[in-house]
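Each chain is listed here by its residues.
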Amino acid sequence: AGCANGIVDSGPDCNSKSSAAVHAWDEGVAFYTGSLEGPAAGGNTAGVFSYRLAEKRCANFKTCGKQSNSVSGVSYVNIQLFEKLSIGQAKLLVGQCDAV
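The written sequence of each chain sets the order in which its residues are numbered from 1. Two thresholds apply to this predicted model, a pLDDT of at least 70 for residue-level local features and 80 or more for giving and counting side-chain atom pairs, whereas whole-chain, interface and lining totals are computed over all residues. Where side-chain values are given, they derive from all heavy atoms of the structure, hydrogens and water being excluded.

Caption draft 1: Representation of helix α4 (residues 76–93). A rise of 1.5 Å per residue sets the reference length of α4, with its 18 residues, at 26 Å; its end C-alpha atoms lie 26 Å apart and thus fit the reference within 8%. Exposed residues in this analysis have more than 50% of their type's maximum accessible area, buried residues have under 20%, and partly exposed residues fall in between, with area computed by a 1.4 Å probe over protein chains only. The helix count covers DSSP runs of H or I at least four residues long, the strand count covers runs of E at least two residues long, and both are numbered beginning at the N terminus. Looking only at α4, the buried set comprises Asn78, Ile79, Leu85, Gly88 and Leu92. To estimate the expected span of a helix, subtract one from its residue number and multiply by 1.5 Å.

Here it is in structure tokens:
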């Protein structure tokens, strides 16, 4: 619930003069990722949140990589999700609230 709450909370705070919406968005990302992943692509095996679960299981289900057809690399779901999250954050930064 934390991830969704952070992202949903970004809407009411959104305007071009406030960073509150971006902060709420980042908070949602943090709830999905956790604090143990670190800055490297693919994260760190010490993670325990949803991001790590996707990374751990993509090899089991052959859903790693940009084509979702590999047993190694970053999970497809995390690649797609973080592309969308980056787009949303950029729109919030310029006050395009309705686009998010």
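Caption draft 2: Region of interest: the packing of helix α3 (residues 50–61) against α4. Think of each axis as a best-fit line through the C-alpha atoms, taken over the contacting stretch in the case of a helix, with angles from 0 to 180 degrees between the N-to-C directions. α4 packs onto α3 with a crossing angle of 140° between their chain directions and a minimal axis gap of 8 Å. Relative to α4, the element α3 lies oblique. For the pair formed by α3 and α4, the contact residues are Tyr51, Ala54 and Glu55 on the first element and Val77, Asn78 and Phe82 on the second. Its residues placed into classes, the contact of α3 with α4 shows four nonpolar, one polar and one charged. Any angle from 65 to 115 degrees is called roughly perpendicular, while one under 35 is roughly parallel, one over 145 is roughly antiparallel, and all others are oblique. Two residues form a contact once any of their heavy atoms are found within 4.5 Å. Throughout this entry, Asp, Glu, Lys and Arg are counted as charged residues, while Ala, Val, Leu, Ile, Met, Phe, Trp, Tyr, Cys and Pro are counted as nonpolar. The remaining residues, Gly among them, count as polar.

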